[in-house]
Amino acid sequence: MSEEKMDRVLVGVFGLDRPGIVSAVSAVITRRGANLEQVSQVTLHGQFALMCVVQKPVDVTKNDIEGDLTDEIRRRKLNQAVLVLDFVEPPEAAPGEPYVISIWGPDRNDIITTFSKILAEQRINIESLRAFPIEDGQSLQVFEATIPMEVDRRALHRTLIDRAQAMGLRCNLQHRDIFEAIHRVKVE
C-alpha cells in the first residue's frame with residue numbers, strides 16, 4: 001500500500017432496510033481508495049442505520065463521497081439518505097472503567113431521558129444504548145458507559161436503583177467484564 005496521506009470522514013446511511021445497502025456503500029468507499037475503518041450497523045423496525053468512520057485520501061472530499069454514495073444508492077434503487085461529515089478527533093477521555101447499566105420493567109416514555117440525565121450529571125459518557133420491548137408492555141434499556149475513576153460507584157448505583165424503584169423499574173450496574181462473563185453463551 002502506498003504512503004498516500006489520509007484523513008477521516010464520518011458516513012451515515014439511513015432508510016428502509018433492503019438487501020445490498022452495505023454492498024453499495026462499501027463499493028463506493030473502495031472505488032475511492034478509502035477504507036471502512038470502523039462500522040456500526042443496525043436495523044430497527046425494518047429501518048436501516050449505518051455509521052462508518054472512513055479513512056480516505058486527502059484529495060477525496062466529503063462531497064465526493066456523499067455524491068458517489070447518493071448516486072450509487074439511487075442507481076441501485078435502494079432509497080436511503082446519506083450524510084457525510086468531517087471527522088472530529090475526540091478529546092482525550094478521563095480514565096475510567098466500562099460498565100453496563102440495565103433498566104427494565106413497565107415501558108415508559110421517560111426512562112432514557114431520566115437515566116441519561118443522571119449519567120450526564122456525573123459526566124459519564126454513554127458509548128452504546130439499546131432499548132427494546134421484552135414482553136407484555138415491559139421494556140429493557142441497556143446503557144454501556146465509561147465511568148470516570150473519580151465517580152463514586154456505590155453512590156451512583158444507589159441513585160440509579162432509587163430512581164428506578166420510584167419509577168416502578170429495576171436496575172442493575174455491572175462492570176462490563178463481569179456482565180460479559182455472566183452473559184457469555186457457549187456455542188458449539
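Just so you know, these numbers come straight off a predicted model, no measurement behind them.

Thresholds, definitions, all that
Residues numbered from 1 in each chain as written. Predicted model: local features only at pLDDT ≥ 70, side-chain atom pairs only at ≥ 80, totals over all residues. Heavy atoms only, no water. Pairing = 2+ DSSP bridges. Helix = DSSP H or I, 4+ residues; strand = E, 2+ residues; numbered from the N terminus. Axes fitted to C-alpha atoms, helices over the stretch in contact; angles between N-to-C directions. Polar contact = N/O pair within 3.5 Å; in protein donor to acceptor, adjacent residues only side chain to side chain. Contact = heavy atoms within 4.5 Å. Salt bridge = Lys/Arg side-chain N within 4 Å of Asp/Glu carboxyl O. Buried < 20%, exposed > 50% of the residue type's maximum accessible area, 1.4 Å probe, protein only. 1 Å grid on protein atoms, 1.4 Å probe; cavity = no way out; pocket = protein on both sides within 12 Å on 5 of 7 lines; lining within 4 Å. Points joined across faces, edges and corners; volume = space filled by probe spheres on them. Nonpolar A, V, L, I, M, F, W, Y, C, P; charged D, E, K, R; others polar. Phe/Tyr/Trp six-rings, centres within 6.5 Å; stacked < 30°, edge-to-face > 60°. Lys NZ or Arg CZ within 6 Å of the ring centre and 35° of its normal. Arc of directions from axis to C-beta.

**A short note on the sheet that holds strand 5 (residues 96-106)**
Reading across from one edge, 6-7-5-8 is the order of the four strands in this open sheet, with antiparallel pairing throughout. Where the open sheet ends on each side, the last strands, each with one partner, are strand 6 (125-135) and strand 8 (170-175). Between one strand axis and the next, the sheet turns by 15° as a mean value, whatever way the strands run. Alignment of strand 6 against strand 7 (residues 138-148), held across nine bridges, turns out to be antiparallel. Its bridge partner lying in strand 7, Pro133 is registered against Ser139.

**Concerning the side chain of Gln80**
Mapped onto the elements, Gln80 comes out in strand 4 (residues 80-86). At 2.5 Å, the side chain of Gln80 forms a polar contact with the backbone oxygen of Leu16. At 3.0 Å, the side chain of Gln80 and the backbone oxygen of Leu78 are in polar contact. If we skip the residues at most four places from it in the chain, Gln80 touches Val13, Phe14, Gly15, Leu16, Arg18, Ile21 and Ile73.

**A word on the pattern of salt bridges**
Under the defined criterion, the tally for this structure stands at 14 salt bridges. We note a salt bridge from Glu37 to Arg8, for which the minimum N-O separation is 2.9 Å. Placement of the pair is Glu37 in strand 2 (residues 35-44) and Arg8 in strand 1 (residues 6-16), with a sequence separation of 29 residues. The exposure class assigned to Glu37 is partly exposed, which follows from its relative accessible area of 36%. The exposure class of Arg8 is partly exposed, given its relative accessible area of 30%. Its salt-bridge partner being Arg75, residue Glu72 comes within 2.7 Å of it at the nearest N-O pair. In this pair, Glu72 and Arg75 both sit in helix 2 (residues 62-75), three residues apart, roughly one turn of the helix. Among the residues examined, Glu72 registers a relative accessible area of 7% and is labelled buried.

**Observations concerning the layout of surface pockets**
Here the largest pocket is characterised by a volume of approximately 430 Å³. Looking at the largest pocket, the residues that line it are Ser40, Val42, Leu44, His45, Glu127, Ser128, Leu129, Arg130, Ala131, Phe132 and Pro133. Here the element with the most residues in the lining of the largest pocket is strand 6; it accounts for seven residues. For the lining of the largest pocket, a count of residues per class yields six nonpolar, three polar and two charged.

**Points about the packing of aromatic side chains**
Taken as a whole and judged by the stated rule, the model has zero aromatic pairs. Between the NZ or CZ atom of Arg8 and the centre of the ring of Phe87, over which it lies, the distance is 5.4 Å.

**Some details on the sheet that holds strand 2**
Pairing within the open sheet is antiparallel, and its four strands lie in the order 2-3-1-4. Each edge of the open sheet carries a strand with a single partner, namely strand 2 and strand 4. Across the sheet, the mean angle separating the axes of adjacent strands is 15° when strand polarity is ignored. Together, strand 1, strand 2, strand 3 (47-57) and strand 4 form the strand contacts of helix 1 (residues 21-31), whose direction differs from that of strand 3 by roughly 10°. Relative to strand 4, helix 2 is tilted by about 170°, and along the sheet it contacts strand 1, strand 3 and strand 4.

**Quick word on helix 3 (residues 111-121)**
For helix 3, the set of buried residues is Ile111, Thr114, Phe115, Ile118 and Leu119. Viewed end-on, helix 3 has its buried residues packed into an arc of 130°, placing them on one side of the element. When the buried face of helix 3 is taken as reference, the exposed residues oriented beyond 90 degrees from it are Thr113, Lys117, Ala120 and Glu121. In this structure, the buried residues of helix 3 make contact with strand 5, strand 6, strand 7 and helix 4 (153-166).

By themselves, these observations are geometric and do not establish any function.
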